[in-house]
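# Topology and contacts: notes
The chain contents come next:
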Amino acid sequence: MSEGYINPGARMEDAGAAPGDIERAASARDASLGSAMRLAAEIVVRISSIVATLWLTRSLGVSTFGTLVLALSIGLIVAELCDLGLNAIVVPLIVRSQRNLRVIFALKATMTLGVAVLSVVLIPLAAHVSGLSLQVLTLCMIHFLGATWIEISGSALRALGRRADEALLLFTFRFALVACVVTAPFGLSLRGAAVSYAIAIAPAIVLSAILVRARSGVDEGAPPATTVQGILRYAAPMGVNGYLAIFSTRVELFLLQAFQGAGAVGLFGGAIKIVESLLTLPAAIAAGALPSVARDSLRGSRGAAQGTFGLVVWLGVPCAVGLALCAPGVLAILGPGFVDGAQALRVLAVAMFLCFGNAALFNILIAAGQTAIVPRLTAMRVSVAAGLGLLLVPFLGLSGAALSFTGAELLLFVSLVRHTRGHACIEVARPLIPAIGACIPMALFLIAWPLPLGPQVVIGAILFAASGASLLFRGAEANGLA
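Residues numbered from 1 in each chain as written. Predicted model: local features only at pLDDT ≥ 70, side-chain atom pairs only at ≥ 80, totals over all residues. Heavy atoms only, no water.

Another aspect to go through is the side chain of N100. Examined against the element boundaries, N100 turns out to sit in helix α4 (residues 100–130). Since its relative accessible area comes to 1%, N100 is described here as buried. For N100, the contacting residues outside a window of four places in its chain are L93, A225 and T226. (Helix = DSSP H or I, 4+ residues; strand = E, 2+ residues; numbered from the N terminus. Buried < 20%, exposed > 50% of the residue type's maximum accessible area, 1.4 Å probe, protein only. Contact = heavy atoms within 4.5 Å.)

This paragraph deals with the nonpolar core. Membership of the largest hydrophobic core comes to 147 residues, with the highest contact counts inside it found for F268, F309 and L345. Here the element with the most residues in this core is helix α14 (residues 342–367); it accounts for 19 residues. Look past the residues within four positions of L345 in its chain and what remains in contact with it is A271, I274, V275, L323, A327, V330 and L331. (Core = buried A, V, L, I, M, F, W, Y, C linked by side-chain atoms within 4.5 Å.)

A few words on the packing of aromatic side chains. Tallied over the full model, the rule gives 5 aromatic pairs. When the ring of F65 is compared with that of F338, the centres are 6.2 Å apart and the planes differ by 75 degrees; the resulting orientation is edge-to-face. Placement of F65 in helix α2 (residues 19–79) and of F338 in the loop between α13 (327–332) and α14 is noted, with a sequence separation of 273 residues between them. A residue is classified by how much of its surface remains accessible, and F65, at 2% relative accessible area, is buried. Classification of F338 by relative accessible area gives buried; the value is 0%. (Phe/Tyr/Trp six-rings, centres within 6.5 Å; stacked < 30°, edge-to-face > 60°.)

This part is about a nonpolar patch on the surface. On the surface, W449, L451, V458, I459 and I462 cluster together into a nonpolar patch covering about 470 Å² of accessible area. Residue placement: V458 occurs in helix α18 (residues 453–472). (Patch = residues over 30% accessible without salt bridge, like charges linked within 9 Å, V, L, I, M, F, W, Y side chains within 5 Å. Areas by Shrake-Rupley, 256 points an atom, 1.4 Å probe, with all protein chains shown as cover. Salt bridge = Lys/Arg side-chain N within 4 Å of Asp/Glu carboxyl O.)

Before going further, it helps to examine helix α15 (residues 373–396). Here α15 is 24 residues long and its end C-alpha atoms lie 33 Å apart, about the 34 Å a rise of 1.5 Å per residue gives. Helix geometry: α15 is bent most strongly at G389, by close to 40 degrees. All of the buried residues in α15 are I373, V374, P375, L377, T378, R381, V382, A385, G389 and V393. Against α9 (228–248), α10 (251–259), α14 and α16 (398–420) lie the buried residues of α15. Looking one or two places after α15, you find G397, whose phi comes out positive at around 60 degrees. (Expected span 1.5 Å × (residues − 1). Bend = angle between axes of the 7 residues up to and from the residue.)

In structure tokens, the structure reads:
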């Protein structure tokens, strides 16, 4: 156990605190520190990604942007074969033994080579079925192949305690992508955008190799490495879940393409891009806290898990309320025509909050080693989305797609809460009720004064921060943050 867990506990014991309370408080603090560092990095990264998305939507238009969204989705589906759940378990594996680092990267290299061979068949097949350009699909696949290496390198650095190195890697990757998209060295077209995505991975790939190699020393007292077979058994459920997760957020896009056409895909794709840009925030919080949650799981504590869930709720509620009330203004930023998706975005704002909670709850199961249940829950979510989508999309179009997405996320949230109770017994209402209360002044302001989007965001954030701070004076535990 590191000094970060011993020293705070020693001070509290001197004050007469119970050992269990000391442990939970230390875990919650460590999880919050990890989450805060990863979240700060992700906010900067996400701003750059929003810039890239806005540039593309305004440059390509609704229909061409919809085609790019589909091409990126297919490229991701093929590239995911070189992950197969490995990245999801990197942090727990390295926390258990640093000797797993070399085994993980050797396995990753083997899987990447296999995907490169398979793509000779898969990409032409996908191009034939979808009607998309073979070249564009290949470039999108290359982008995501590189992105999986950057992601796994960042996870390894985080598990080794090198949070600043991970942030540097994320900055390099995202800023390179923004630079390529904005400068458009290959033209403002579908092909030019695909080329920009493909070459943007190069700087971060080089940097990840340097950083991981520099931090790959192994403590001689570290436990033995897990066997390749053991890692594959552990990762397999997460690999299945990875594919299901890809489809779970794209079911509605494929159904809209089948029933409504590229224009509807572009509108819904714009709304989804806004939601996805915000979903990186809970993912960053959960990822930053995962080492602490994993350590808690080994010793039967829940401080880090409750703190992580509380953080995502306090962040997710104001994001959802603000997005629902400002939907037309937010979509107007994407360019002409995208405002037609405002009603769908309002519904998706509710789904976004559920996604925030689901990101934290999934990580609790992963930290506890309960990876087998994860794909079953995601499969349920995909099935519900497909069923609701088939019923609603042909008749309600964009609104039907948004309702399908939201209904599936709600069922997943309820199921995750039930399954995590055996490991952390998360209290949902304790952070949710005060977070909703803190949003009331902001919501009243947004409804009463329809100002331009910029002032609405700034003033709304200030109002939420002020009301939230007054509630947080009651203490972290009272507000579900510990």
